Each structure stands twice: as C-alpha cells, then as structure tokens.
Amino acid sequence: MGSPVGQLKLVARDDGLAAVLWENDDPNRVKLGELSRRVDHPLLLQAETELTEYFNGKRTAFSVPLDLVGTDFQKKVWGALQGIPFGETQTYADLAKIIGSPKASRAVGAAIGKNPVSIITPCHRAIGSDGSLTGFAGGLDAKRFLLALEGYRFLI
C-alpha cells in the first residue's frame, strides 16, 4: 500500500496480520517464509483501512488481529510497545523495566528491531535514554514523521 512514509508491504496469515514491511526493509529482519499474493484477504483490507485512517489523523489505535511470530522475550517487548500511548514515547530502558528485565535495554532494542508489524506495534515510540531518535527499520525520517503525526513535541 502507498503511504506518506513510502510503500508498505502488508502480510497476513489466516489468524492475523503478520507483518508491515518497509519499502527498503532488510529482507532478513522479519522471517516470513513463502508468501503468496492475495490482495482480497480480509485482514489485509482491514489493515490497509486502519493504516489509511491513522495516516489521515482519524485513528489512534489499531484493532486488526495480529499473528506475530517471535521468541517469548520479543513478544513481551512487542506487548510493552503496544502499551505506549498514542503521541507519547518511552525509552528502551523504560521498556526493559516494564517487562521486568531492567538491565536488558540492549536486548529490548534488538527485539524492537525485529518487530514485524511496524506502526501498528508502535516501535517508532521507542527512543534513546537521552531523548534521541534511534534506529528504526523505516528510517529516522519515517520515525520523525510518525511521531509528528501523533502530535509528539520534539525538544530538539
């Protein structure tokens, strides 16, 4: 689908949305296996509608079911990302504390880097301890755009 942050590839399984991938995504970032093209899949249509509403300022939360594949630790981190309110941010260290692993901020960052459903699981809301925008699969310009879209006020 086209979006203000470039082409996004939506991937669904029978039980939920499996991935939102960036135009220039690293093909090894999210392992999906064999894919087939089916543009009429109801979950893909729902995800596209919800993302369009989000980009148009008409949606602050997503309801499309997700089917995420990852380790227990990754799923815990992705769940913590889901808890960051629209327009707000949390640091990797904050997220590490939330999941009960206060010394694991680097591991949290690695798990965030493997987030298969960018935007919907809002990894753009995770920032460095000093408030800086750090690594993002879609690029820092996209991260800045998404945060600005949500009304985030940059200090710098």
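Computed from a prediction, not measured in an experiment: that's the story for all the values here.

Participant: I keep staring at the overall build of the chain and nothing clicks. Help me out?
Facilitator: Looking only at helices and strands, one finds five helices and four strands in the chain. Order of helices (α) and strands (β) in the chain, N terminus to C terminus: β-β-α-α-β-α-α-β-α. Relative to its length of 156 residues, the chain is compact, with a C-alpha radius of gyration of 15 Å against a globular reference of 15 Å. Considering only C-alpha atoms, the chain reaches an extent of 45 × 30 × 25 Å along its principal axes. Here the chain, with 156 residues, has 42% of them falling under the buried criterion. Expressed as a percentage of contacts within the chain between residues at least 6 apart in sequence, the contacts between residues at least 24 apart total 60%.

Participant: Would you mind showing me how to read the environment of Arg13 here?
Facilitator: With respect to the element layout, Arg13 can be found in strand 1 (residues 8-13). Through-space distance from the C-alpha of Arg13 to that of Ser63 is 16 Å; in sequence the pair is 50 residues apart. The contacts of Arg13, once residues within four sequence positions are left out, are Ala18, Leu32, His41, Leu43, Asp67 and Val69. A distance of 2.8 Å separates the side chain of Arg13 from the backbone oxygen of Asp67, its partner in a polar contact.

Participant: How do you make sense of helix 1 (residues 42-55) when you look at a structure like this?
Facilitator: Given 3.6 residues to a turn, an α-helix orients residues that are three or four positions apart in the same direction. With 14 residues, helix 1 should reach 20 Å at 1.5 Å per residue; the first-to-last C-alpha distance of 20 Å fits that figure. Where the residues of helix 1 are buried, they touch strand 1, strand 2 (16-22) and helix 5 (140-149). Looking at the residues trailing helix 1, positive phi occurs at Gly57, about 75 degrees.

Participant: What should I look at first to understand the packing of helix 2 (residues 72-82) against helix 4 (residues 105-113) in this one?
Facilitator: As a packed pair, helix 2 and helix 4 sit with axes 9 Å apart at the nearest point and diverge in direction by 85 degrees. For the element pair helix 2 / helix 4, the angle class is roughly perpendicular. Mapping the contact onto sequence places Phe73, Gln74, Val77, Trp78 and Leu81 in helix 2 and Ala107, Val108, Ala111 and Ile112 in helix 4. Here the residues of the contact of helix 2 with helix 4 are counted per class, giving eight nonpolar, one polar and no charged.

Participant: Explanation requested: the pattern of salt bridges in the structure shown.
Facilitator: Where charged atoms of side chains with opposite charge meet at close range, the side chains can pair. Per the stated rule, a full pass over the model turns up six salt bridges. One salt bridge connects Arg59 with Glu50, and the closest N-O pair in it is separated by 4.0 Å. For the pair shown, Arg59 and Glu50 are each scored as buried. A salt bridge links Glu53 to Arg59, with the nearest nitrogen and oxygen atoms 2.8 Å apart. It is possible to trace a salt-bridge network through shared partners that takes in Glu50, Glu53 and Arg59.

Participant: Teacher, can you tell me more about the confidence of the model for the chain here?
Facilitator: Detailed conclusions should not be drawn from predicted coordinates in areas where pLDDT is low. Of the residues in the chain, 99% have a pLDDT of 70 or more, and the chain-wide mean is 92. Taken element by element, the predicted model of the chain shows its lowest mean pLDDT in strand 1 (93) and its highest in helix 1 (97).

Reading the values: rules and limits
Position numbers for residues count from 1 along each chain, tracking the sequence in the order it is written. Confidence filtering applies because this is a predicted model: local features only for residues at pLDDT of at least 70, side-chain atom pairs given and counted only at 80 or more, and all residues used for totals across whole chains, interfaces and linings. Where side-chain values are given, they derive from all heavy atoms of the structure, hydrogens and water being excluded. Secondary structure follows DSSP: runs of H or I at least 4 residues long count as helices, runs of E at least 2 residues long count as strands, and numbering of each begins at the N terminus. The reference for a compact globule is 2.2 Å times residues^0.38; the radius of gyration itself is calculated from the C-alpha atoms. Accessible area is worked out with a 1.4 Å probe on protein chains only. A residue is then buried under 20% of its type maximum, exposed over 50%, and partly exposed in between. Residues are treated as being in contact if the distance between any of their heavy atoms lies within 4.5 Å. Polar contacts here mean pairs of N or O atoms no more than 3.5 Å apart (in protein, one a potential hydrogen donor and the other a potential acceptor; neighbouring residues in sequence count only if both atoms are side-chain atoms). By this rule the span expected of a helix is its residue count minus one, scaled by 1.5 Å. The axes are straight lines fitted to the C-alpha atoms, using for helices just the contacting stretch, and the angles between their N-to-C directions are given from 0 to 180°. Angle categories are assigned with fixed cut-offs, so that under 35 degrees is roughly parallel, over 145 is roughly antiparallel, 65 to 115 is roughly perpendicular, and the rest are oblique. Classification convention: Asp, Glu, Lys, Arg as charged; Ala, Val, Leu, Ile, Met, Phe, Trp, Tyr, Cys, Pro as nonpolar; all other residues, Gly among them, as polar. Salt bridges are counted wherever a side-chain nitrogen of Lys or Arg sits within 4 Å of a carboxyl oxygen of Asp or Glu. For every residue, the predictor reports its confidence as pLDDT, a number between 0 and 100.

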